[in-house]
Amino acid sequence: MRVVVTGAAGGIGEAITARFVSDGARAFLVDLDPSVAALLGSRADGVAGWAVADVSCVEDVNAAMQEVLVSLGGIDVVVNCAGIGGPASTAATMDPGDFRRVVEVNLVGTFLWSRAGARQMLRQATGGAIVNVASLFGQQGVVGGAAYGASKAGVSLLTQSMARELGPHGIRVNAVAPGHIATEMHWDELRARAARTGTSFEVERQKVLREVPLGRHGTGTDVAAVVAWLASDDAAYVSGQTIGVNGGVLGS
Ligand SMILES: NC(=O)c1ccc[n+]([C@@H]2O[C@H](COP(=O)([O-])OP(=O)(O)OC[C@H]3O[C@@H](n4cnc5c(N)ncnc54)[C@H](O)[C@@H]3O)[C@@H](O)[C@H]2O)c1
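Residues numbered from 1 in each chain as written. Predicted model: local features only at pLDDT ≥ 70, side-chain atom pairs only at ≥ 80, totals over all residues.

Draft legend 1. The site of the ligand, seen in detail. Around the ligand, 30 residues are found, and the nearest of them are Gly 7, Gly 10, Gly 83, Thr 183 and Met 185. Elements with a minimum of two residues in the shell around the ligand: α1 (11-22), α4 (96-124) and α6 (184-197). Classifying every residue of the shell around the ligand by side-chain character gives 13 nonpolar, 13 polar and four charged. (Near = placed C-beta within 6 Å. Helix = DSSP H or I, 4+ residues; strand = E, 2+ residues; numbered from the N terminus. Nonpolar A, V, L, I, M, F, W, Y, C, P; charged D, E, K, R; others polar.)

Rendered as structure tokens:
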């Protein structure tokens with residue numbers, strides 16, 4: 001299996017890459033953070049290449065795609081995991097440039113890599129799978145989450161539309177919607193909540209634990225397991241879905 005993972009240097013993206021590589025896939029990694037090259041040195045057998053690239057920039061996507069084809073020779077799976085939380089401002093106080101940047105990275109970036117992957121899969125005529133990383137906060141609105149939630153809700157609807165368009169070509173398109181996963185992005189969100197409400201990081205962390213029926217934060221490995229399943233033939237009749245990976249918190 002030949003897999004492209006965006007956001008591969010991050011907490012969830014690294015876990016997704018590790019899962020695919022340990023399952024025997026060959027992976028091409030994309031991230032804005034140059035540490036993507038070094039971080040995965042220990043998985044050199046399965047990592048065929050990487051690009052330091054911005055998922056929201058068409059030129060970067062085109063250049064990285066050339067490298068993907070040299071390294072992998074084709075694409076069977078694209079995992080769109082790159083994302084940013086953006087500032088914790090409320091919509092009324094948010095700078096329009098900040099709102100646009102969140103949508104550009106989370107939604108337009110997912111569109112650009114899904115489009116690039118789909119075009120290659122259509123040329124190959126071998127089918128394939130696209131797995132997008134949406135969010136619990138793209139299923140329910142929260143204070144300080146206007147840009148992020150709108151971008152991730154967009155990812156779920158992009159997923160549904162592309163699943164309908166690409167299904168006749170044997171290409172399945174699905175999304176996971178993680179919630180409360182123990183990564184720097186989530187800890188940043190808890191720090192922002194603490195600052196906004198005058199509590200502390202630990203108080204906010206305990207609130208989350210009370211809210212999650214399974215009583216713990218999720219891990220990148222929890223998300224990677226569902227992504228790997230969605231990309232596999234075990235999910236051969238699953239397309240257009242957004243699957244919550246959130247410890248039992250209800251989305252919509
Ligand atoms: N942590 C959570 O609780 C949680 C919940 C729901 C959804 N998510 C989503 O999961 C994904 C991974 O998040 P994470 O928690 O691992 O966060 P993270 O910040 O650790 O990882 C995000 C990665 O994306 C990369 N990135 C950011 N902007 C980019 C760009 N323009 N081009 C290329 N790469 C870029 C970053 O460099 C980073 O490596 C994100 O899409 C996030 O929205 C996370």
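Still to come is the rest of the account.
Draft legend 2. Representation of the pairing of strand β2 (residues 26-31) in the model. Burial analysis of β2 places five of its six residues in the buried class, which makes it a mostly covered element. Where strand β1 (residues 2-6) meets β2, five bridges bridge the pair, whose relative direction is parallel. In the sheet register, Val 5 faces β2, and the bridge partner there is Leu 29. Crossover handedness for the path β1 to α1 to β2: right-handed. (Buried ≥ 20, exposed ≤ 12 C-beta atoms within 10 Å, placed from the backbone. Pairing = 2+ DSSP bridges. Right-handed = clockwise from strand over helix to strand, strands pointing away.)

Draft legend 3. Broad picture of the nonpolar core. Formed by 68 residues in total, the largest nonpolar core has its most connected members in Ile 16, Ala 27, Val 131, Val 176, Val 223 and Val 227. Among all residues touching Val 223, those that are not within four sequence positions of it are Ile 12, Ala 15, Ile 16, Val 176, Pro 178, Ile 181, Gly 218 and Val 245. (Core = buried A, V, L, I, M, F, W, Y, C linked by C-beta atoms within 7 Å. Contact = placed C-beta atoms within 7 Å.)

Draft legend 4. Focus on the packing of α4 against helix α5 (residues 146-166). Running from N to C, α4 and α5 point in directions that differ by 20 degrees, and their axes come no closer than 9 Å. In terms of orientation, α4 lies roughly parallel with respect to α5. Between α4 and α5 the crossing geometry is right-handed. Listed contacts from α5 to Asp 98, Phe 99, Val 102, Val 103, Asn 106, Leu 107, Thr 110, Phe 111, Ser 114 and Ala 118 of α4 are Ala 147, Tyr 148, Ala 150, Ser 151, Lys 152, Gly 154, Val 155, Leu 158, Met 162 and Leu 166. Of the residues belonging to the contact of α4 with α5, the class tally is 13 nonpolar, five polar and two charged. (Axes fitted to C-alpha atoms, helices over the stretch in contact; angles between N-to-C directions. Parallel < 35°, antiparallel > 145°, perpendicular 65-115°, else oblique. Left-handed = near helix turned anticlockwise from the far one by under 90°.)

Draft legend 5. Examining α6 more closely. Across its 14 residues, α6 extends 20 Å between first and last C-alpha, which sits within 8% of the 20 Å expected from 1.5 Å per residue. Within the span of α6, buried status applies to His 186, Glu 189 and Arg 193. In an axial view of α6, the angular spread of the buried residues amounts to 55 degrees, which keeps them on one side of the axis. Looking at α6, the residues exposed on the side facing more than 90 degrees away from the buried face are Glu 184 and Asp 188. Of the residues trailing α6, Gly 198 is marked for its positive phi of about 75 degrees. (Expected span 1.5 Å × (residues − 1). Arc of directions from axis to C-beta.)

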